[in-house]
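Descriptive analysis of the structure
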Amino acid sequence: MKRVISIATAGVTAFLLALTISVTAQDFNPMEKTYLTFSGPVELPGVKLEAGTYVFKLADTAGRNVVQVFTRDEKEILGQWLFVQAERPEGSSETVVTFKETREGAMPAIQYWYYPGEKMGKEFVYPREQAAQIA
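Structural notes, computed from the coordinates. Note that the structure is predicted; figures quoted are calculated from it, not measured.

Cut-off values and rules
- Residues numbered from 1 in each chain as written.
- Predicted model: local features only at pLDDT ≥ 70, side-chain atom pairs only at ≥ 80, totals over all residues.
- Heavy atoms only, no water.
- Helix = DSSP H or I, 4+ residues; strand = E, 2+ residues; numbered from the N terminus.
- Buried < 20%, exposed > 50% of the residue type's maximum accessible area, 1.4 Å probe, protein only.
- Salt bridge = Lys/Arg side-chain N within 4 Å of Asp/Glu carboxyl O.
- Pairing = 2+ DSSP bridges.
- Axes fitted to C-alpha atoms, helices over the stretch in contact; angles between N-to-C directions.
- Core = buried A, V, L, I, M, F, W, Y, C linked by side-chain atoms within 4.5 Å.
- Contact = heavy atoms within 4.5 Å.
- Polar contact = N/O pair within 3.5 Å; in protein donor to acceptor, adjacent residues only side chain to side chain.

Let's talk about the overall build of the chain
- A count of helices and strands for the chain gives two helices and nine strands.
- N-terminal to C-terminal, the α/β element order of the chain is α-β-β-β-β-β-β-β-β-β-α.
- Per-residue burial over the chain gives 30% buried out of 135 residues.

Notes on the pattern of salt bridges
- Counted under the stated rule, the structure contains four salt bridges.
- Glu32 serves as the salt-bridge partner of Lys122, at 2.5 Å between the closest nitrogen and oxygen. In this pair, Lys122 sits in strand β9 (residues 120-124) while Glu32 sits in the loop between α1 (2-25) and β1 (34-38), placing the two residues 90 residues apart along the sequence. With respect to burial, Lys122 and Glu32 carry one shared label: buried.
- The partner of Lys57 in a salt bridge is Glu74, with the nearest N and O atoms 3.1 Å apart.

Some words on the sheet that holds strand β8 (residues 110-114)
- Strand order in this open sheet of seven strands is β1-β4-β5-β6-β9-β8-β7, and the pairing throughout is antiparallel. With one partner strand each, in any of the chains shown, β1 and β7 (96-99) form the two edges of the open sheet. Across the sheet, the mean angle separating the axes of adjacent strands is 30° when strand polarity is ignored.

Regarding the nonpolar core
- Ranked by size, the top nonpolar core spans 19 residues in total, and within it Phe38, Leu44, Leu49, Phe56, Ile110 and Phe124 carry the most contacts.
- When contributions to this core are tallied by element, the ones reaching two or more residues are β1, β2 (42-44), β3 (47-49), β4 (52-58), β5 (66-71), β6 (77-87) and β8.
- Per element, the largest residue contribution to this core is three residues, and it comes from β4.

Let's talk about the side chain of Thr34
- Mapped onto the elements, Thr34 comes out in strand β1.
- We classify Thr34 as buried; its relative accessible area is 6%.
- Apart from the residues lying within four places of it in its own chain, the contact partners of Thr34 are Tyr54, Val55, Phe56, Thr95, Trp113 and Tyr115.

Details of the environment of Glu32
- For Glu32, a relative accessible area of 10% translates into the label buried.
- Residues Glu32 and Phe56, spaced 24 residues apart in sequence, show a C-alpha to C-alpha distance of 7.8 Å.
- Aside from chain neighbours lying at most four places away, what touches Glu32 is Phe56, Lys57, Leu58, Arg64, Trp113, Tyr115 and Lys122.
- Side chain to side chain, Glu32 and Lys122 meet in a polar contact 2.5 Å long.

In structure tokens, the structure reads:
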């Protein structure tokens, strides 16, 4: 009987250790912090981002419904926006950014930001005047 108990204990211990290791190995990023690099200027509601690398992340708010954009070193916040949830058919293992359809020669305007592995993304809402200029 002692042998059965010690085998069971060893099995449970091994299982818990394996579970702990797999949970630790996952990338836990509650703010969905992402570095995005743009090769040319892009638009966000009320802001123009020049070519370069920026940090996109969720603000630490109760509703978790605000996206913040920072300079690469995160020393300066360039803007923060409420967003609308946007669902896509399936997730991707990479960050996905899609742009609004614009007229020829217009600066690309970011419409959606999807964090890796997520089906639910963030849709940026543009002021009426800016949306009219983009279209």
